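# Structure assessment
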Amino acid sequence: MSQATETSPVIQEQNKEAWFSPKNRKLISDPLTDNNPITIQILGLCSALAVTTQVKPAIIMAIGVTIVTAFSNLIIAIIRNTIPTRIRMIVQLVIVAALVALVDQVLRAVVYDVSKQLSVFVGLIITNCIVMGRLEAFAMGNKPWPSFLDGIGNGLGYGAILVILAVLRELFGSGTLIGYQIVPQAVYDMGYVNNGVMVTPASAMFLIAIIIWIQRSRNPKLVDIS
Amino acid sequence: MPNTNSNSYTFAYAGVLTLIVAIALAAAATGLKPIQQQAIDLDKKRSILNAVTSLTDKQQILKDYAEKVTEVVIDQQGNAVEGVKAFDLVLKKEYKKSDAERRLPLYIYNAPEGKKYIVPMHGAGLWDEIWGYIALDQDLNTIKGASFDHKGETPGLGAEITTPKFQGQFEGKKLAEGDQFKLTVLKGIHADTKSNVYAVDGISGATITGNGVNAMIEKSFTSYSNYFQKVKSGAANNTPPPPQQENGIKTPEEQKTEGK
C-alpha cells in the first residue's frame, strides 16, 4: 500500500515542496498537546517517574530520547518495506539498541562528565516504550521525513512533561532548580520544610495524574468514554 | 521486492542486519577508545586536583598535574614501593588484597605554601561504589578539601555528595584526635556542625550514603596512618624532592595561619 504512494510522482512533488507543510508541522506540535506520549498515549511512564527528581537529568534525558526516537524512526521508515513481518519487533529493537549504544559511546568520548552522570539513564532509553511505540505506530507505515518529525515531536512532548514534573519535584522536594537554591533560607527559618514525598518516584505518579486530569477537563474530546 | 515473509529471506535479513550493526558498533567502540581513555584520565586528574583546587580548564589541569603533583606508592606499613605507577593502581582492587600485598597510591600536591597530601578513597554507598579524594594539610589531620563521586547513588539524595555544598563542608575539619579517628558524617542537618571540627552535616534522605562516605574516609585513614606516622616523625624521606625542599613538619598553629 505504501509502496504505491511512494511511486506516485504527484505525492513526491508535494513532499518536495513542503518540508514543513501544515500536516508535517502537526506531527511535531500534536505530541506536545493533544497526543502527548505520556499523558495521552500513556507511554514512557517508568522513566518519567525515575529521572524527574531534578531538572538537569530530566532535560538531558529528554534530549537523549528525542535523538533516539527521531533517528530510529528515520532508519526504520527507510527500511520498513524490507523488514520481514515476523521479526519486525526484533529488528526495531536491534536498531534502537545500536543507536543507544552509539550515543553512549560518543557521549563517553566527547562529554565524559555528562555521560558519567547519565550512565544508567542512557541505557534505559532502550526500554522506553515511546521509542518502540512510535516505531510500531508510525514509522512502519510512513515515509522517512514525516517519521523523523514524528520522532522529534514525541521526544519533545515527552521532554515537556519531564521538565514540568522535574521543576515541581525539585522545587518542592529540594527547594532548588537546576541545582540553584530557590527557596530562601529565611523561609526555612520560619519553619518551612522540603516535601520529602516529592523526591520519591511516587510523587511523579500523582503529578502526572493531576496533569492528565487538567488536560482532559480542558479538552473533553480527550476523555475516553469506553 | 522478494517475498519478505519467506524463511530464507527472514534468516538472511536477520544475519545481515546483525552483521551491519555489529560492525558499526565495533568500529565506533574501537575508534573512540583512545579518546575515551584520554577523557577518563583527564577526569581522574581533575578529581585529584579538585581536592585542593577548582580547575576546570583542560590544559590547565594537565599542566598543573604534570608540574605540581608527585605520585607515590606505599604499602600498608607505610614504606615506599618502587616500580609501580600510582596513577595506574586501581584502589578498588588493592583493597581486596591482603594487607601485606596491598599497594596504596598517594598524590602529593606541591603548592607554594606547602605540601598537600591527596589520599584516594574507595568505598560503598547505598547502591554501588563511591570514591573520592581527600586532601590533607601538612599536619596530616586537617582536611584541605575533598571531592567525592559515585556510580549509582540516587539523584537528589545520595548523589548530592558530588555537590560543592556537601564537599565544601569538609574544609578545615579534622580527621582524628590523637590516633583516634573522629570525623563523623552526621544524619541530616545539625545546628552545631560549623563549630565542631569533627562533624559534617549529612544529607537528609541519604543517611546510608553518608555513612558510606564516613566509612570510606575512616578506611583510608587506617590504611595510610602508618605512612602518616612516618611522615610526621620525619622518617619518610622516600618522596622525591619537590621544587622547594620542605624541612620538618610545621606545628598546627603555623598551619592555621596558612591561607587557601
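Whatever comes next refers back to the structure up there.
Report on the accompanying structure.

In this section: the overall build of chain B. A count of helices and strands for chain B gives six helices and nine strands. Taking all 260 residues of chain B together, 47% fall into the buried category. In chain B, once contacts between residues fewer than 6 apart in sequence are set aside, the share between residues at least 24 apart is 53%. When the accessible surface of chain B is summed, it comes to about 13,200 Å², and 55% of that surface belongs to carbon and sulfur atoms.

Here we take up the sheet that holds strand β3 (residues 114-124) of chain B. All names here are of chain B. The sheet built from five strands is open, its strands ordered β1-β2-β3-β4-β5 with antiparallel pairing. Edge strands, defined here as strands with exactly one partner in the open sheet, are β1 (69-75) and β5 (143-150). Strand-to-strand twist in this sheet, taken as the mean axis angle between neighbours without regard to direction, amounts to 25°. For β3 and strand β4 (residues 129-136), the ladder comprises eight bridges, and the chain directions are antiparallel. Paired with His122 across the two strands is Trp131, which belongs to β4.

Below, the discussion takes up the interface of chain A and chain B. Listed as interface residues are 27 residues of chain A and, on the opposing side, 27 residues of chain B. Among the residues of chain A in contact with chain B, Arg86, Ala109 and Tyr112 of chain A are the three that bury the most area, contributing 21% of the side total. On the surface where chain A and chain B come into contact, there are zero salt bridges. Viewed at the interface, chain B and chain A are joined by seven residue pairs in polar contact (both at pLDDT 80 or more). For the side of chain A that touches chain B, the secondary structure elements donating two or more residues are α6 (88-110) and α7 (112-124) of chain A. Element by element, the count of residues in the side of chain A that touches chain B is highest for α6 of chain A, at ten residues. Grouping the amino acids of the side of chain A that touches chain B by side-chain chemistry returns 15 nonpolar, eight polar and four charged.

Residues and elements named next belong to chain A. With respect to the helices, strands and loops of the structure, Gln92 is situated in helix α6. Judged by relative accessible area, Gln92 falls into the buried class, the value being 0%. In contact with Gln92, not counting residues within four places along its chain, are Ile76, Met132, Leu135, Glu136 and Met140.

All names here are of chain B. Under the definition given, this model contains 14 salt bridges over all chains. A salt bridge links Lys68 to Asp64; its shortest N-O distance comes to 3.7 Å. One end of the pair, Lys68, and the other, Asp64, are both in helix α2 (residues 58-68), four residues apart, so they sit about a helical turn from each other. For Asp64, a relative accessible area of 5% corresponds to the buried category. A salt bridge links Lys151 to Glu129, with the nearest nitrogen and oxygen atoms 3.9 Å apart. Separated by 22 residues along the polypeptide, Lys151 in the loop between β5 and α4 (164-168) and Glu129 in strand β4 bring together distant segments of the chain. In this structure Glu129 comes out as buried when scored by relative accessible area, which is 17%.

Time to look at the nonpolar core. Of all hydrophobic cores here, the largest spans 43 residues; its most connected members are Met61 and Leu162 of chain A. Within the residue set of this core, elements represented by two or more residues are α4 (45-50), α5 (55-79), α6, α7, α8 (129-137), α9 (144-174) and α11 (201-218) of chain A together with α1 (7-50) of chain B. In terms of residue count, the dominant contributor to this core is α5 of chain A (seven residues).

Quick look at the packing of aromatic side chains now. Residues and elements named next belong to chain B. Summed over the entire model, instances satisfying the criterion amount to twelve aromatic pairs over all chains. Ring geometry for Phe148 and Phe166: centres 5.9 Å apart, planes at 50°, overall tilted. Taken together, the residues Phe148 in strand β5 and Phe166 in helix α4 connect sequence positions 18 residues apart. Residue classification places Phe166 among the buried positions, given a relative accessible area of 4%. With centroids separated by 6.2 Å and ring planes inclined at 25°, the aromatic side chains of Tyr224 and Phe228 adopt a geometry described as stacked. A residue pair is termed a helical-turn pair when its members lie 3 or 4 positions apart in one helix, as Tyr224 and Phe228 do in helix α5 (residues 207-232) at four residues.

Moving on, we come to a nonpolar patch on the surface. Residues and elements named next belong to chain A. Together, Ile59, Ile63, Ile67, Phe71, Ile178 and Tyr180 make up a nonpolar patch on the protein surface, roughly 580 Å² of accessible area in all. Per element, the largest residue contribution to the nonpolar patch is four residues, and it comes from α5. Take Tyr180: its relative accessible area is 62%, and that puts it in the exposed class.

With that settled, consider the environment of Ala98 of chain A. Here Ala98 of chain A lies in helix α6. In sequence terms Ala98 of chain A and Ile126 of chain A are 28 residues apart; their C-alpha atoms lie 9.2 Å from each other. The contact partners of Ala98 of chain A, leaving out residues within four places of it in the chain, are Val21 and Leu25 of chain B.

The next subject is the pairing of β1 of chain B. Residue and element names in this part refer to chain B. In terms of burial, β1 is largely enclosed, as six of its seven residues are buried. Taken together, the seven bridges between β1 and strand β2 (residues 103-111) define a ladder with antiparallel strand orientation. The residue bridging Val72 from the neighbouring strand is Leu106, located in β2.

Basis of the calculations
Residues numbered from 1 in each chain as written. Chains lettered and ligands numbered in written order. Predicted model: local features only at pLDDT ≥ 70, side-chain atom pairs only at ≥ 80, totals over all residues. Heavy atoms only, no water. Helix = DSSP H or I, 4+ residues; strand = E, 2+ residues; numbered from the N terminus. Buried < 20%, exposed > 50% of the residue type's maximum accessible area, 1.4 Å probe, protein only. Contact = heavy atoms within 4.5 Å. Areas by Shrake-Rupley, 256 points an atom, 1.4 Å probe, with all protein chains shown as cover. Pairing = 2+ DSSP bridges. Axes fitted to C-alpha atoms, helices over the stretch in contact; angles between N-to-C directions. Buried area = accessible area lost by both parts, 1.4 Å probe. Salt bridge = Lys/Arg side-chain N within 4 Å of Asp/Glu carboxyl O. Polar contact = N/O pair within 3.5 Å; in protein donor to acceptor, adjacent residues only side chain to side chain. Nonpolar A, V, L, I, M, F, W, Y, C, P; charged D, E, K, R; others polar. Core = buried A, V, L, I, M, F, W, Y, C linked by side-chain atoms within 4.5 Å. Phe/Tyr/Trp six-rings, centres within 6.5 Å; stacked < 30°, edge-to-face > 60°. Patch = residues over 30% accessible without salt bridge, like charges linked within 9 Å, V, L, I, M, F, W, Y side chains within 5 Å.

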